[in-house]
Amino acid sequence: MLIEVKDLAVHFRTDKGVIKAVDGVSFQIPHGKTLCLVGESGCGKSVTSMAILGLVDHPGEVVAGEIEFDGRNILECTEKEMRKVRGADISMIFQDAMTSLNPCFTVDFQIKEVLKLHQNLKKKALHAKAIEALEMVAIPSPEKRLKEYPFKMSGGMRQRVMIAVAMACQPKLLIADEPTTALDVTIQAQVLELMNQLKKDRNTSILFITHDLAVVSEMADHVAVMYTGRIVEKADCISLFRKPMHPYTEGLLRSLPSENKGRRKSKLHSIEGSVPSLSALPQGCTFWPRCPYAEEICKKEQPLLKECESGHFVACFKTEGVI
Amino acid sequence: MGKKEIFLEFCKVFSRNKAALFGLGIIVVLLLVAILADFIAPFQPIEQNISVRLMPPAWNEKGSLTYLLGTDDFGRDLFSRIVYGSRISLSIGAISVGFSLMIGIPLGVFAAYFGGVVDNILMRVIDIMMAIPSLLMAIVIVTILGPSLQNAMIAIAIVYIPSISRLVRGSVLAEKQKEYVIASRVNGSSNLRLIFIVILPNCLGPIIVQSTMNFAVAVVEAAGLSFLGLGAQPPTPEWGAMLVDSFEYLLKAPWMIGFPGLAIFLTVFGFNLIGDGLMDAMDPKSKEKG
């Protein structure tokens, strides 16, 4: 295992009370594999990734759990030690390629920044590495591109530069926070392919955060579905898509538009209701108000994540056979 | 696109604004005058010649070409005094603006970046400073420190600190949210690196514009303080101080008040025009036009 997150809990202390953005999340990612973290906006996906990087800002706080990365618990690292981990061992790419490169500096500066911070290189070697990083993400004429400012580049190109920056130090874990949401579909496919290629070549593990199930099927080895700060279902990609067990996952998959099923007039399925506010979660299973199978017990008790089939974890009373 | 091309692009946008170019022209001439004062001025600024007291400018029938803009009550050449005065006025502007930036930028940056208690304390102090009218505050500071040109500059600089740090705080707050800052954090940058290398260069635009405007107001305020006797002391050829000297002779020798006043006006006008031009040129949207 490269990274093992155990019972991670991140709480935000606000005027309205404590908000449990991440509430007991556990997952593992082996070397060279991709875990997709799926869920609606505000379910704690991004907070989880920030916690892994040790970048949860005030008023947020990691209150419990362990994150074992490469054999050590990085939650216990000091800020100085974490700075050495960030960028070198774990790095991240973001949703909005338009704003995630510094508009004031050339590509050259931004790639060399991360290299300088983590590797002691001479000027020539540094330059060679920067060129290599751009070649790796298939940017044509890297020498020329290095001297350019981000505003001269298209969205797809910037996303490539960002991946180049993130991969420059050959990190063991790459966190990708909805990296393709802001791109159009053809560019999206290129970027995903690029990431899969890098994963293969470098044996990099990827934590891929998204709400796009089509992307999940493209990328994932394993999938974890999050709802209101908890993982409700966790399985390898194929069995999750073949046989979703949690009502929420089932709803998500049914909400996908499909080309051959049903007639043209059939309405797109949607899950009833909306995501509850994290400051006012319902008692019991947080999904029951929207769940078609909800029973009395769901309103009182919280189901725990249990292994229903080998490698397939679900937190639901229905699959447990209680209801 | 390299740095040079960006600069050229900037020059292109700036020069499209004719008023700003005019302002730049005024300031360049003023700078040259200040640098070359020793060669331009026919007399020393404090050289007195009682025999030619209150002589009118050259184009007046009583005037003489030797004293181009006339003389003052001590027979000092007004032209030479104004020429040397440009040195003083420009250094007042530069020093007080520079000093206010030196203090104001770190204050604003730290308040915005660290937020919370730091922000609260710093900004409440700034609020208090802002509640006092600027000239009144400058007068109070000079009164405490004692009247001199140097103290007037310090006073003006202190008066500017609140507006500069507010401005910086605002821009840093806006930039801080952007993903490139988080990206740089994720790459392992330290706080200081984030503040001064990653964020601050993105906030420079409004700071430069505001400083240019401040430069103009600093010249006026210094003149005002000198006028009240709290700034430059006689016989320093400071423009504001020259206005005071001319007061008693307002009817007898109006040129004594007219020319220093004109000099102040042109300087301020020039800097304001440049400020406007910079504001347009630094606004990314303006590049799309034409």
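For clarity, every value in this text was computed on a predicted model and none was experimentally measured.

The rules we used
- Residues numbered from 1 in each chain as written.
- Chains lettered and ligands numbered in written order.
- Predicted model: local features only at pLDDT ≥ 70, side-chain atom pairs only at ≥ 80, totals over all residues.
- Helix = DSSP H or I, 4+ residues; strand = E, 2+ residues; numbered from the N terminus.
- Buried ≥ 20, exposed ≤ 12 C-beta atoms within 10 Å, placed from the backbone.
- Contact = placed C-beta atoms within 7 Å.
- Pairing = 2+ DSSP bridges.
- Axes fitted to C-alpha atoms, helices over the stretch in contact; angles between N-to-C directions.
- Parallel < 35°, antiparallel > 145°, perpendicular 65-115°, else oblique.
- Left-handed = near helix turned anticlockwise from the far one by under 90°.
- Nonpolar A, V, L, I, M, F, W, Y, C, P; charged D, E, K, R; others polar.
- Expected span 1.5 Å × (residues − 1).
- Core = buried A, V, L, I, M, F, W, Y, C linked by C-beta atoms within 7 Å.
- pLDDT = per-residue confidence, 0-100.

## A closer look at the overall build of chain A
When you go through chain A residue by residue, the secondary structure sums to 12 helices and 12 strands. Projected onto its principal axes, the C-alpha coordinates of chain A cover approximately 70 × 50 × 40 Å. The 323 residues of chain A split such that 43% are buried. When contacts within chain A are restricted to residue pairs at least 6 apart in sequence, those whose partners lie at least 24 apart make up 64%.

## Thoughts on the sheet that holds strand S2 (residues 17–29) of chain A
All names here are of chain A. Reading across from one edge, S2-S1-S4-S5 is the order of the 4 strands in this open sheet, with antiparallel pairing throughout. Looking at which strands have only one partner, the edges of the open sheet turn out to be S2 and strand S5 (72–73). For strand S1 (residues 3–14) and S2, the ladder comprises 10 bridges, and the chain directions are antiparallel. From the neighbouring strand, Leu8 faces S2, where its bridge partner is Val25. Against the sheet, helix H1 (residues 45–53) engages S1, S2 and strand S4 (60–69), with an angle of about 70° to S2.

## A short note on the packing of helix H4 (residues 78–114) of chain B against helix H5 (residues 116–131) of chain B
Residues and elements named next belong to chain B. It is at 7 Å that the axes of H4 and H5 come closest, and there the two elements cross at 140°. By the criterion of interaxial angle, the relationship of H4 to H5 is oblique. Where H4 crosses over H5, the two elements pack in a sense that is left-handed. In this structure, H4 uses Leu107, Phe110, Ala111, Ala112 and Phe114 to contact H5, whose residues at the interface are Gly116, Val118, Asp119, Leu122 and Met123. In terms of residue class, the contact of H4 with H5 is built from 8 nonpolar, 1 polar and 1 charged.

## Regarding the interface of chain B and chain A
Contacts between the two partners involve 16 residues from chain B, matched on the other side by 26 residues from chain A. Every element with two or more residues in the side of chain B that touches chain A is listed here: helix H8 (179–186) and helix H9 (191–227) of chain B. Of all the elements, H8(B) adds the most residues to the side of chain B that touches chain A, at 5 residues. Here the residues of the side of chain B that touches chain A are counted per class, giving 6 nonpolar, 7 polar and 3 charged.

## Looking at H5(B)
It helps to recall that an α-helix has 3.6 residues per turn; residues three or four apart then point in one direction. Helix length check: H5(B) (16 residues) gives 22 Å between terminal C-alpha atoms against 22 Å at 1.5 Å per residue, within 8%. In terms of burial, H5(B) is a largely surface element, 1 of the 16 residues being buried.

## So, the sheet that holds strand S9 (residues 222–227) of chain A
Residues and elements named next belong to chain A. Reading across from one edge, S6-S7-S8-S3-S9-S10-S12-S11 is the order of the 8 strands in this open sheet, with mixed pairing throughout. The open sheet terminates on both sides in strands that have one partner only, identified here as strand S6 (90–93) and strand S11 (306–309). Each strand axis lies, on average, 25° off the axis of its neighbour in the sheet, ignoring direction. In terms of strand pairing, S11 meets strand S12 (residues 312–314) through 3 bridges, oriented antiparallel. Considered in S12, the bridge of Lys306 is made with Val314. Packing of helix H6 (residues 155–167) onto the sheet brings it into contact with S6 and strand S7 (173–177), and relative to S6 it is tilted by some 175°.

## Digging into the nonpolar core
Core analysis: the biggest nonpolar cluster contains 160 residues, and A:Ala164 and B:Ile156 have the highest contact counts within it. The element best represented in this core is H4(B), accounting for 15 residues. Leaving out residues up to four positions away in the same chain, B:Ile156 has contacts with B:Ser96, B:Ala138, B:Ala218, B:Glu221 and B:Ala222.

## Some points on the confidence of the model for chain B
Predicted coordinates in regions of low pLDDT should not be interpreted in detail. When pLDDT is averaged along chain B, the result is 87, and 96% of the positions lie at 70 or above. In the model output, the complex is listed with pTM 0.79 alongside ipTM 0.82.

## So, the packing of helix H6 (residues 134–145) of chain B against helix H7 (residues 149–176) of chain B
Residue and element names in this part refer to chain B. Interaxial distance between H6 and H7 falls to 9 Å at its minimum, and their mutual angle equals 140°. When the axes of H6 and H7 are compared, the pair comes out oblique. Between H6 and H7 the crossing geometry is right-handed. On H7, the residues that touch Ser134, Met137, Ala138, Ile141, Val142 and Leu145 of H6 are Asn151, Ala152, Ile154, Ala155, Ile156, Ile158 and Val159.

## Some words on unusual backbone geometry
Residues B:Pro234 and B:Pro235 are joined by a peptide bond in cis, for which omega reads 5°. Following the sequence through the fold, B:Pro235 ends up in the loop between H9 and helix H10 (239–246). You will see that A:Gln170, though not glycine, has its phi angle at about 55°, which is positive. Topologically, A:Gln170 is positioned in the loop between H6 and S7. Residue classification places A:Gln170 among the partly exposed residues on the basis of 16 C-beta atoms within 10 Å. Phi is positive for B:Leu54, close to 50°, though the residue is something other than glycine.

## Overview of helix H10 (residues 247–254) of chain A
Every buried residue belonging to H10(A) is among A:Pro247, A:Tyr248, A:Thr249 and A:Leu252, and all of these are buried. Close packing links the buried residues of H10(A) with helix H8 (213–219), S9, strand S10 (230–236), helix H9 (237–242) and helix H12 (317–320) of chain A.

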